[in-house]
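Remarks on the overall topology
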Amino acid sequence: MSSDRSDKGVRLAKGVQVLLTAMGYESLREVKLRTGRRVDVMGINSKGRIIVVEVKSGPADFRVDEKWTEYLEFCDEYYFAVDEDFPQNLLPTDQGLIIADGFGGAIVTPSADFKLNASRRRNVILRFARIAARRLNTPETQK
C-alpha cells in the first residue's frame, strides 16, 4: 500500500471515529478479530451494540478486498467508509455507507441489523476491551 493511500485511509478512519463518537460509540482502529482478520474501525455503545466500518481509500482498495463479508458475523451494523470522490456504484448496495473525511463523516445508507448473538457479542466486547487496555498500557514506541 502506498503511503498516500495509507495516509488517506488513516484520515478517513479518524473521521469515522469522530462520527461514531457523536453517535455515542467508543471506537478503536485496527481491531483484530479471533479469526485473525483486522477490521479498520470498531465501535461499541453503552448498550453493547457493535459497529464495524471498513475504510476504502480508493477503488483499487475495494477491488482487492475479498475478506469484508467475514466481518458481518462480528457486528450489529456494518459500513463501508469512503470519501466523497469514491465511485459509490462499486460498493454493494445492501451494505451501510459512510462518507467521511479527516474531520467527520455522515451515514448515507443505513446498515442492515445483523442481530449479533449474545455469546459472540460477549466475546467481541471482551476482545475490544483487552485491546484497548493493552494499547493504554503500551508505551508509544511499542504500539
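In this numbering scheme, every chain counts its residues from 1 along its sequence in written order. In keeping with the model being predicted, local features are shown solely for residues with a pLDDT of at least 70 and side-chain atom pairs are shown and tallied solely at 80 or more, while totals for entire chains, interfaces and linings include all residues. Note: side-chain values were computed over all heavy atoms of the structure, leaving out hydrogens and water.

1. Overview of the nonpolar core
In these notes, a set of buried Ala, Val, Leu, Ile, Met, Phe, Trp, Tyr and Cys residues joined through side-chain atoms within 4.5 Å is what counts as a nonpolar core. In this scheme, a residue with accessible area under 20% of its type's maximum is buried, one over 50% is exposed, and one in between is partly exposed, where area comes from a 1.4 Å probe on protein chains only. With 25 residues, the main nonpolar core has M42 and Y78 as its most contacted residues. Numbered from the N terminus, helices here are DSSP runs of H or I no shorter than four residues, and strands are runs of E no shorter than two. Breaking this core down by element, the ones donating at least two residues are β1 (25-32), β2 (38-45), β3 (50-55), β4 (77-82), β5 (96-101) and α3 (118-136). Working rule for contacts: check all heavy atoms of both residues, and any pair within 4.5 Å makes them a contact. In this structure, M42 is in contact with E26, S27, L28, V31, L33, I50, I51, V52, V124 and F128, ignoring residues within four places of it in sequence.

2. Thoughts on the confidence of the model for the chain
For every residue, the predictor states its confidence as a pLDDT score lying anywhere from 0 to 100. Of all residues in the chain, 94% attain a pLDDT of 70 or more, and the chain-wide mean is 92. Confidence drops under pLDDT 50 across residues 1-5; counting only partners more than four residues distant or on other chains, this segment forms 3 contacts.

3. Here we look at unusual backbone geometry
Phi is positive for E30, close to 55 degrees, though the residue is something other than glycine. Positive phi outside glycine occurs at K115, with the angle close to 45 degrees. Take K115: it is sitting in the loop between β6 (104-109) and α3.

4. Focus: the pairing of β3
Within β3, 6 of the 6 residues are buried, which leaves the element mostly enclosed by the surrounding structure. Residues of β3 alternate between two faces, with I50, V52 and E54 on one and I51, V53 and V55 on the opposite face, all of them buried. In short, DSSP must find at least two bridges between two strands for them to pair. Sheet topology note: the β2/β3 ladder contains 4 bridges and is antiparallel. Residue pairing for β3: M42 is matched across the bridge by V52. Here β2 folds back onto β3, and the loop between the two strands holds 4 residues, one of which, G48, carries a positive phi near 85 degrees.

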